[in-house]
Amino acid sequence: MTQATAIIIGASSQLSREIAKQLSEQQVKLALLVPSPDTIADFAASLPGDISVHALDIYAPDTAIAQLEQVWQELGGAHLVLVNTGVNHYDPELPWAPQEDIIKVNVTGFAAMCNTAFNLLRSQGYGQLGAINSVAGLRGGPSMSYHASKAFAQNYLEGLSMHAQRLKLPITITDIQLGMLDKAAMQGAKMWLAPLPVVAKQILSALAKGKRRAYVPKRWIIVAWMTRLLPEFIYNTRRWKKKQKKQQAE
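Note that the structure is predicted; figures quoted are calculated from it, not measured.

Visitor: Whenever I open this one, the environment of L82 confuses me. Can you help?
Guide: Inspection of the secondary structure assignment puts L82 in strand β4 (residues 80-83). Assessed through its relative accessible area of 2%, L82 is described here as buried. Beyond its immediate sequence surroundings of up to four residues, L82 is in contact with I7, I8, I9, I19, G130, A131, I132 and L207.

And the structure:
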């Protein structure tokens, strides 16, 4: 392959679209995989360069694997495979259905895509697998299945990196630890936010540098560092606040 080629799995989100836009401006040949190709057809047509859109059923791993393999064959391989699949739900009543949905997409679907991409890169002999992950995986949280799924993703990617090293393969695994931007936006914490183009640019910069792990926006490395160090009785703020209220009542 002479022209740089990339596959984006889960290209329907706003972040994926911005990444695709910036890659297309760099003349990278793109294959965008989404559940419903029609939903991004106009967007894909607006991009410069060589862009194709393909269906991906993330809820059916065997089907999704076959779809990714087919796209790979049509492209003749790829330099980069970027996985950005993930859902999140929160309901304080903890019904099982939303949690099962998270596990199906964020764990089973994610692993199926990363495993397939890694094997395709291995057969090619080189390349990079990147994944949009989250700092939510560093500790547990109210949306327990989401936090747990991101911890799974982090460890799965680390395992793939170790496997590539054991096999002495020139395959780079990059874990993009995205800050919890939705939560920051809801809390009005402007310090922890960044414009979407900046977020996408930082992600592409980390991928280009072949980083093993990167925090985006960069300032979220501070949150990650603090999150790891905080003991549970401080990290679990809901429990701490409850105790504080009880003491005030006395």
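Visitor: Explain the nonpolar core to me, please; I cannot follow it from the model alone.
Guide: As a rule of thumb, soluble globular proteins bury nonpolar side chains together. With 31 residues, the main nonpolar core has I7, I9, L33, V81, V83, M113 and L129 as its most contacted residues. The set of elements that each furnish at least two residues to this core consists of β1 (5-9), β2 (29-34), α3 (61-75), β4, α4 (96-124), β5 (127-134), α5 (144-166) and β6 (171-178). Ranked by residues supplied to this core, first place goes to α4 with 9 residues. With residues near it in sequence (within four places) discarded, I9 still touches L33, L56, L68, V81, L82, V83, N84, T85 and M113. One finds V34, F43, I176 and L204 within the second-largest nonpolar core, a separate group that totals 29 residues.

Visitor: Looking at this structure, I do not really get the sheet that holds β2. What am I missing?
Guide: With parallel pairing, the 7 strands of this open sheet are ordered in space as β3-β2-β1-β4-β5-β6-β7. Among the strands making up the open sheet, the edge pair consists of β3 (51-55) and β7 (213-216). The average angle at which neighbouring strand axes cross in this sheet is 20°, direction not considered. Bridge count for β4 against β5 is 4 bridges, and the pairing is parallel. Bridging across to β5, L82 finds its partner in G130. With respect to the sheet, helix α1 (residues 14-25) is in contact with β1, β2, β3, β4, β5 and β6, its orientation differing from that of β1 by roughly 170°. The strands touched by α5 are β5, β6 and β7; relative to β5, the strand with the most contacts, the crossing angle is about 160°.

About the criteria used
Residues numbered from 1 in each chain as written. Predicted model: local features only at pLDDT ≥ 70, side-chain atom pairs only at ≥ 80, totals over all residues. Heavy atoms only, no water. Helix = DSSP H or I, 4+ residues; strand = E, 2+ residues; numbered from the N terminus. Buried < 20%, exposed > 50% of the residue type's maximum accessible area, 1.4 Å probe, protein only. Contact = heavy atoms within 4.5 Å. Core = buried A, V, L, I, M, F, W, Y, C linked by side-chain atoms within 4.5 Å. Pairing = 2+ DSSP bridges. Axes fitted to C-alpha atoms, helices over the stretch in contact; angles between N-to-C directions.

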